[in-house]
Amino acid sequence: MKKRILCFLFLVCMFIIVRADGADSLALTPPMGWNSWNCFSCDVNEQQIRDMADLIVANGMRDAGYTYVNVDDCWQVGRDADGNIVVDSVRFPSGIKVLADYIHSKGLKFGIYSCAGSLTCAGRPGSRGYQFQDARTYAEWGVDFLKYDWCFDEAQSPQGAYRTMRDALKASGRPIVFSICEWGSSKPWTWAKGVGHLWRTTGDIINAFKGTVHWGGCSVVDIIDKNADLYPYAGPGHWNDPDMLQVGNGVLTPEENRSHFTMWCMLAAPLLAGNDLRTMDKETQAILMNKDVIAVNQDKLGIQGRRYMKIEQHEIWVKQLSNGEAAVCFFNRDEQPWTFEYKFGKDKSHLHFADIRLWELEYDVYDIWNKNKYLGTSSDNLSFKVPAHGVVLVKLAPKNKK
């Protein structure tokens, strides 16, 4: 009996140790927050970050799930005689720890940026050769999230470089979400589970619905295509990252913004807003804070949506949800509206991969963007009108369940 008790206590202690490390309890749903790059690029400063934190609380984004406030590149200027990273004292006069404390006082979490190379993408000091020293510094500052880029990599192995920083973060003693930003070059989805909590799958997102640019930046539609087949690799604690949101940055139309946000939710992607919250209009706010659409992204199953059908510019995507439910997105890439009738339960093969038994059960159908308006059942012929570059997003729930 005594041996059994000791064994039980040992197992409990081991559980506590694992949980204290935080590795298995971080990012169980896709991280949500705000990042400075798409809005401010290198022209970032402390007051802007404080303003964003204040607004995330005041406008309701925090309550909608946006937790992280992340400073991207250009906060650092050098290293001191002991090799410690030096903060830009002009742009961040209070220092990073004071800023992080302010973010935490708002009930938010604080994120920072570095790079696996000797320099960051903006030419600031990177972490190569200083990984453990930097990780200890981040922990002392109260950092909760690290975005780790891949510029000036100097022919390093990405697997080795990111594992080194992973080990450094663990050794720091502070749970820190680790965001691998290697742009998908070495197919991190095949090796990064257990290394990072999320990994970039493409080059940087550009503020465009379609098209690419010469340096590898990708539009919303291009990124969707690059992520379509990566669903087997996503799940609680390990996410494909199609990059930050461009919603509200003044180029995408309202329909394109809604499509962009919807598809990131269907892809179980991290939701990191990148717009200037000081000038955010009501339409953008309504998109970023739609709790019903966010619920698709944050569903506890953590299953990435899959493209069920593609006929020219028209697509149907399905994301399995908890409680036997599913989200179905009708995505129109075309320049013209798409009007059609659809019957969900017409045969046994229909939407079979979503693990919903349409041939056995009847489902209620709800329009998610329209406050879960009831549309009918899976047995009905339902009519959908999808705007150009737009989406219709519906939820299938076993009948008598909402």
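Just so it is clear, the model here is predicted, and its values are computed rather than measured.

### A few points about the sheet that holds strand β11 (residues 306-311)
Then comes step 1: Sheet architecture is open: six strands sit in the order β11-β12-β13-β18-β15-β16, paired in antiparallel fashion. Looking at the sheet topology across the chains shown, the edges are occupied by β11 and β16 (373-377). Adjacent strand axes in the sheet meet at a mean angle of 25° when their direction is disregarded.
Then comes step 2: Bridge count for strand β15 (residues 363-367) against strand β18 (residues 391-398) is five bridges, and the pairing is antiparallel. Across the sheet, the residue bridging to Asp 364 is Ala 397, located in β18.
Then comes step 3: Lying over the sheet, helix α9 (residues 254-266) contacts β12 (314-320), β13 (326-332) and β18, oriented at roughly 140° with respect to β13.

### Considering the pattern of salt bridges
Then comes step 1: For the coordinates displayed, the defined rule picks out 22 salt bridges.
Then comes step 2: With a shortest N-O distance of 3.0 Å, Arg 50 and Glu 46 are connected by a salt bridge. With Arg 50 and Glu 46 both in helix α3 (residues 46-58) and four residues apart, the pair spans about one turn of that helix.
Then comes step 3: On the basis of relative accessibility, which here comes to 16%, the residue Arg 50 falls in the buried class.
Then comes step 4: Between Lys 210 and Glu 335 there is a salt bridge, with the nearest N and O atoms lying 3.5 Å from each other. Residue Lys 210 is found in the loop between β8 (198-200) and α8 (220-227), and its partner Glu 335 is found in the loop between β13 and β14 (338-342); the two are separated by 125 residues along the sequence.
Then comes step 5: According to the relative accessible area criterion, Glu 335 is partly exposed, its value standing at 49%.
Then comes step 6: It is possible to trace a salt-bridge network through shared partners that takes in Asp 225, Arg 307, Lys 310, Glu 315 and Arg 333.

### Describing the packing of aromatic side chains
Then comes step 1: Summed over the entire model, instances satisfying the criterion amount to 21 aromatic pairs.
Then comes step 2: With 5.3 Å between their ring centres and 55° between their planes, Tyr 68 and Phe 145 make a pair best called tilted. One end of the pair, Tyr 68, is in strand β2 (residues 68-70); the other, Phe 145, is in strand β6 (residues 145-149), with 77 residues separating them in the sequence. By the burial criterion, Tyr 68 is buried, and Phe 145 matches it.

### Quick word on α9
Then comes step 1: Over its 13 residues, α9 runs 18 Å from end to end, which matches the ideal 18 Å to within 8%, given 1.5 Å per residue.
Then comes step 2: Taken across its 13 residues, α9 has 11 buried, putting it largely inside the fold.
Then comes step 3: All of the buried residues along α9 are Glu 256, Asn 257, Arg 258, Ser 259, His 260, Phe 261, Thr 262, Met 263, Trp 264, Cys 265 and Met 266.
Then comes step 4: Note on α9: the residue one or two positions beyond its end, Ala 268, has a positive phi of about 50°.

### Some points on the state of the cysteines
Then comes step 1: With the rule as written, the count across this model stands at two disulfides.
Then comes step 2: Put simply, Cys 42 and Cys 74 are joined by a disulfide, and their sulfur atoms are 1.7 Å apart. As the torsion about the S-S bond is roughly -100°, the Cys 42-Cys 74 disulfide counts as left-handed. Residue Cys 42 is found in the loop between α2 (37-40) and α3, and its partner Cys 74 is found in the loop between β2 and β3 (76-79); the two are separated by 32 residues along the sequence.
Then comes step 3: A residue is classified by how much of its surface remains accessible, and Cys 42, at 26% relative accessible area, is partly exposed.
Then comes step 4: On the basis of relative accessible area, Cys 74 is assigned to the buried category, the value being 0%.
Then comes step 5: With a sulfur-sulfur separation of 2.0 Å, Cys 121 is cross-linked through a disulfide to Cys 151. Across the disulfide from Cys 121 to Cys 151, rotation about the S-S bond amounts to roughly 95°, and the bridge is consequently right-handed. One end of the pair, Cys 121, is in the loop between β5 (109-115) and α6 (131-141); the other, Cys 151, is in the loop between β6 and α7 (158-172), and 30 residues separate them in sequence.
Then comes step 6: Of the residues examined, Cys 121 reaches a relative accessible area of 36% and is grouped as partly exposed.
Then comes step 7: With relative accessibility at 15%, the residue Cys 151 sits in the buried group.

### Considerations on the side chain of Lys 319
Then comes step 1: Here Lys 319 is to be found in strand β12.
Then comes step 2: Although Lys 319 lies buried, it forms no salt bridge, and the closest oppositely charged side chain, Asp 299, sits 5.0 Å away as judged by the N-O distance.
Then comes step 3: In this structure the side chain of Lys 319 is engaged in a polar contact, spanning 2.9 Å, whose partner is the backbone oxygen of Val 296.
Then comes step 4: Excluding its chain neighbours within four sequence positions, the residues that come into contact with Lys 319 are Cys 265, Met 266, Ala 268, Val 296, Asn 297, Asp 299, Ile 303, Gln 304, Gly 305, Ala 326 and Ala 327.

### Points about the environment of Tyr 374
Then comes step 1: In this fold, Tyr 374 is placed in strand β16.
Then comes step 2: For Tyr 374, a relative accessible area of 42% translates into the label partly exposed.
Then comes step 3: Taking C-alpha positions, Tyr 374 is 7.5 Å from Asp 364, a pair spaced 10 residues apart along the chain.
Then comes step 4: Aside from chain neighbours lying at most four places away, what touches Tyr 374 is Asp 364, Val 365, Tyr 366 and Lys 399.
Then comes step 5: For Tyr 374, the side chain forms a polar contact with the side chain of Asp 364, separated by 3.2 Å.
Then comes step 6: A polar contact of 3.4 Å, which involves the side chain of Tyr 374, links it to the backbone oxygen of Gly 376.

Quick notes on the rules
Residues numbered from 1 in each chain as written. Predicted model: local features only at pLDDT ≥ 70, side-chain atom pairs only at ≥ 80, totals over all residues. Heavy atoms only, no water. Pairing = 2+ DSSP bridges. Helix = DSSP H or I, 4+ residues; strand = E, 2+ residues; numbered from the N terminus. Axes fitted to C-alpha atoms, helices over the stretch in contact; angles between N-to-C directions. Contact = heavy atoms within 4.5 Å. Salt bridge = Lys/Arg side-chain N within 4 Å of Asp/Glu carboxyl O. Buried < 20%, exposed > 50% of the residue type's maximum accessible area, 1.4 Å probe, protein only. Phe/Tyr/Trp six-rings, centres within 6.5 Å; stacked < 30°, edge-to-face > 60°. Expected span 1.5 Å × (residues − 1). Disulfide = S-S within 2.5 Å. Lys, Arg positive; Asp, Glu negative; His and termini not counted. Polar contact = N/O pair within 3.5 Å; in protein donor to acceptor, adjacent residues only side chain to side chain.

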